[in-house]
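For reference, the chains in residue letters:
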Amino acid sequence: MKRLMPVLAGMTITAIRKVAIQMRETLEVDRALVSAARAVESETISGKRVLVTGSTRGIGRALAMAFARRGASVVVHGREEGDVRRVAAAIAHAAEAAGRVRAVPVDLSRPGGGGVLVGRA
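Keep in mind the model is a prediction, meaning the values are calculated, not measured.

> I would appreciate a short explanation of the overall build of the protein in the present structure.
When helices and strands are tallied, the protein shows four helices and three strands. Its helices and strands taken in sequence order, the protein reads α-β-α-β-α-β-α from the N to the C terminus. Within the protein, buried positions represent 29% of all 121 residues. Sequence separation of at least 24 residues holds for 60% of the intrachain contacts in the protein that already meet a minimum separation of 6. For the protein, the computed accessible surface area is about 8,300 Å², with 57% contributed by carbon and sulfur atoms.

This is the structure we're talking about:
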């Protein structure tokens, strides 16, 4: 048992460090969301078109929602067609932005993906 104590203590410290790192990353994401929301609030974007890559979850989704609520036409992007269409519909409904939200599924890791996305947007 005496031999296991330092090992268990080391494992506990490692686990605590991992949790601390995850909490710090979450806090950084939260700060980024607040900063982005403030930027969106301060700009006049009504009538403009905004393309948010990776907007099916996380920060991208929050940004797409914020832009739609401020009157912009929003292009929701992601790799999976079902996710993109579902999120675009949810944003259009929640932001009362019917006709101003477009779903564009494109895999940007494929050659020419960026050009396809911009062309469809």
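> Is there a simple way to think about the pairing of strand β3 (residues 101-105) in this case?
The two faces of the sheet receive side chains in turn, since in a regular strand these alternate between them. In terms of burial, β3 is largely enclosed, as four of its five residues are buried. With five bridges connecting them, strand β2 (residues 73-78) and β3 associate as parallel partners. The partner of glycine 78 across the bridge, within β3, is proline 105. After leaving β2, the chain enters helix α3 (residues 81-94) and then returns to the sheet as β3, a path that is right-handed.

> I keep staring at the nonpolar core and nothing clicks. Help me out?
Generally speaking, a soluble globular protein has its nonpolar side chains buried in company with each other. Among the nonpolar cores identified, the biggest contains 19 residues, and Phe67, Ala68, Val74, Val76, Ile91 and Val101 are the most heavily contacted of them. For this core, the secondary structure elements donating two or more residues are β1 (49-52), α2 (58-69), β2, α3 and β3. Counting residues per element, this core draws most heavily on α3, which supplies five residues. Every residue in contact with valine 74, bar those within four places of it in the chain, is listed here: Val50, Ala64, Phe67, Ala68, Arg100, Val101 and Arg102.

> How do you make sense of unusual backbone geometry when you look at a structure like this?
If a residue is not glycine, its phi is most likely negative; likewise, a peptide bond is most likely trans. Even without being glycine, glutamate 96 reaches a positive phi, approximately 50°. Along the chain, the position of glutamate 96 falls in the loop between α3 and β3. For glutamate 96, a relative accessible area of 73% translates into the label exposed.

> I keep staring at α2 and nothing clicks. Help me out?
Owing to its 3.6 residues per turn, the α-helix brings residues three or four apart onto one side. Between the first and last C-alpha of α2 there are 17 Å, a value that for twelve residues agrees with the 16 Å anticipated at 1.5 Å per step. Within the span of α2, buried status applies to Gly60, Ala64, Met65, Ala66, Phe67 and Ala68. Following α2 by one or two positions, glycine 71 adopts a phi angle in the positive range, close to 100°.

> Can you help me understand the sheet that holds β2 in this one?
One key point about sheets: their strands pair by backbone hydrogen bonds, in either a parallel or an antiparallel sense. Ordered by their spatial adjacency, three strands build an open sheet running β1-β2-β3, and the pairing between neighbours is parallel. Both outer strands of the open sheet, β1 and β3, are each paired with one neighbouring strand and no more. Taking each pair of neighbouring strands and ignoring which way they run, the sheet shows an average axis angle of 20°. As paired strands, β1 and β2 are joined by four bridges and run parallel to one another.

> Explain the pattern of salt bridges to me, please; I cannot follow it from the model alone.
A side chain of one charge can pair with a side chain of the opposite charge when the charged atoms of the two come close. Per the stated rule, a full pass over the model turns up four salt bridges. Linking arginine 85 and glutamate 81 is a salt bridge whose minimum nitrogen-to-oxygen distance equals 2.9 Å. Of this pair, arginine 85 and glutamate 81 both sit in helix α3, four residues apart, which is roughly one turn of the helix. A salt bridge links aspartate 107 to arginine 110; the shortest N-O distance between them is 3.7 Å. Of the residues examined, aspartate 107 reaches a relative accessible area of 23% and is grouped as partly exposed. What you see here is one network of salt bridges that share partners, running through Arg57, Asp83 and Arg86.

Parameters at a glance
Residues numbered from 1 in each chain as written. Predicted model: local features only at pLDDT ≥ 70, side-chain atom pairs only at ≥ 80, totals over all residues. Heavy atoms only, no water. Helix = DSSP H or I, 4+ residues; strand = E, 2+ residues; numbered from the N terminus. Buried < 20%, exposed > 50% of the residue type's maximum accessible area, 1.4 Å probe, protein only. Contact = heavy atoms within 4.5 Å. Areas by Shrake-Rupley, 256 points an atom, 1.4 Å probe, with all protein chains shown as cover. Pairing = 2+ DSSP bridges. Right-handed = clockwise from strand over helix to strand, strands pointing away. Core = buried A, V, L, I, M, F, W, Y, C linked by side-chain atoms within 4.5 Å. Expected span 1.5 Å × (residues − 1). Axes fitted to C-alpha atoms, helices over the stretch in contact; angles between N-to-C directions. Salt bridge = Lys/Arg side-chain N within 4 Å of Asp/Glu carboxyl O.

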